[in-house]
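# Structural features, examined
Here's the letter readout for the chains.
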Amino acid sequence: MLNAPDTAPAQGPRHVAIIMDGNGRWAQARGRPRLFGHHAGARRVREVVEACPGLGVKYLTVFAFSTENWKRTQAEVAGLMSLFRRYIVKETRTLKENGIRVRFIGDRVRLDSKLTALMDTLEEETKDNDLVHLTVALNYGGRDEVARATKRLARDVAEGRLRAEDVDEETLPKYLDTHVLPDPDLVIRTSGEARISNFLLWQSAYAEYEFIDTLWPDFTAAELERLCHSYGSRDRRFGAVPA
Ligand code: IPE
Ligand code: IPE
Ligand code: MG
């Protein structure tokens, strides 16, 4: 059910991006394997997505797997890939029925074909939805994204579709994976780490940040609501002097 009571702050964020961190520590604190934490973390996503309409959040972007996460053990990586496949299969119907449009960002080349086929299907199945735009960053890295974008841009210049002298700061974002999305207004990172770990580097130039201690599997809609309200009381100057 997505008809949550309207608790939207007047000046709330339209696009919230979340670095969902702390699954491993959450599991460890319970004496369980890291994958137990990843499963618990995946289960939190639904409540957070469903809270968005009531908070006026139209775009939610979540960091699920980074280009650096391949450095983890083979068992953890395989467990995460299997979790992503199972998650998509299990959630497709609910996402579709609840008006959620799902997109994936990141480099698909390194992902296995069974997973990318499920990702394509979920994007296709939800493409007419417009209540909330959920973007899942999977094998995503901000630097990798900019490098891939630059490669395509350079090709367009080399093949005469774009003039080098016309390249400005409006040009590159058109080549980014996020080209159809607005920039994030609020970036939240859970688990107490105060770093962005290669997430939405270009897009977050003027985002507000919240680094909170909660581990991702403990994150709730109530916490999102609190952060959206606190965002509403911030003064975003974008480099100008307030009037
Ligand atoms: C975030 O939780 C999920 C992924 C990076 C896939 P972590 O697995 O990084 O959890 P911690 O940081 O080790 O607690
Ligand atoms: C960032 O978390 C990536 C995701 C949440 C998917 P990490 O746990 O991988 O980041 P670091 O290693 O602490 O910087
Ligand atoms: Mg981590």
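First, a word on what this report is: a plain description of the structure on this page. (Residues numbered from 1 in each chain as written. Chains lettered and ligands numbered in written order. Predicted model: local features only at pLDDT ≥ 70, side-chain atom pairs only at ≥ 80, totals over all residues. Heavy atoms only, no water.)

## Points about the packing of aromatic side chains
When we look at a pair of aromatic rings, we describe it by the centre distance and by the angle of the planes. Evaluation of the coordinates by the stated rule reveals nine aromatic pairs. Ring centres 5.9 Å apart and planes at 80 degrees place the aromatic pair F63 and Y140 in the edge-to-face group. Taken together, the residues span a long stretch of sequence, with F63 in strand β2 (residues 59–66) and Y140 in strand β4 (residues 132–140) at a distance of 77 residues. Per residue, the accessibility class of F63 equals that of Y140, and both read buried. With a centroid separation of 5.7 Å and an interplanar angle of 5 degrees, the aromatic rings of Y209 and F211 are classed as stacked. By the ring-pair criterion, three or more aromatic residues cluster together here, those being F63, Y140 and F199. It is R30 that lies over the ring of W26; its NZ or CZ is 3.9 Å from the centre. Over the face of the ring belonging to F36 we find R32, whose NZ or CZ atom lies 4.0 Å from the ring centre. (Phe/Tyr/Trp six-rings, centres within 6.5 Å; stacked < 30°, edge-to-face > 60°. Helix = DSSP H or I, 4+ residues; strand = E, 2+ residues; numbered from the N terminus. Buried < 20%, exposed > 50% of the residue type's maximum accessible area, 1.4 Å probe, protein only. Lys NZ or Arg CZ within 6 Å of the ring centre and 35° of its normal.)

## Points about the site of ligand 2
What surrounds ligand 2 is the set I19, M20, D21, F63, A64, F65, N69, R72, R189, R195 and S197. With respect to ligand 2, the side chain of R189 contributes an N or O atom lying 3.3 Å from an oxygen atom. Coverage of ligand 2 by the protein amounts to 78% of the 390 Å² it exposes when considered alone. Assessed atom by atom at 2 Å from the grid points, ligand 2 resides in the largest pocket. (Near = heavy atom within 4 Å. Polar contact = N/O pair within 3.5 Å; in protein donor to acceptor, adjacent residues only side chain to side chain. Areas by Shrake-Rupley, 256 points an atom, 1.4 Å probe, with all protein chains shown as cover. 1 Å grid on protein atoms, 1.4 Å probe; cavity = no way out; pocket = protein on both sides within 12 Å on 5 of 7 lines; lining within 4 Å. Sits in = over half its atoms within 2 Å of the grid points.)

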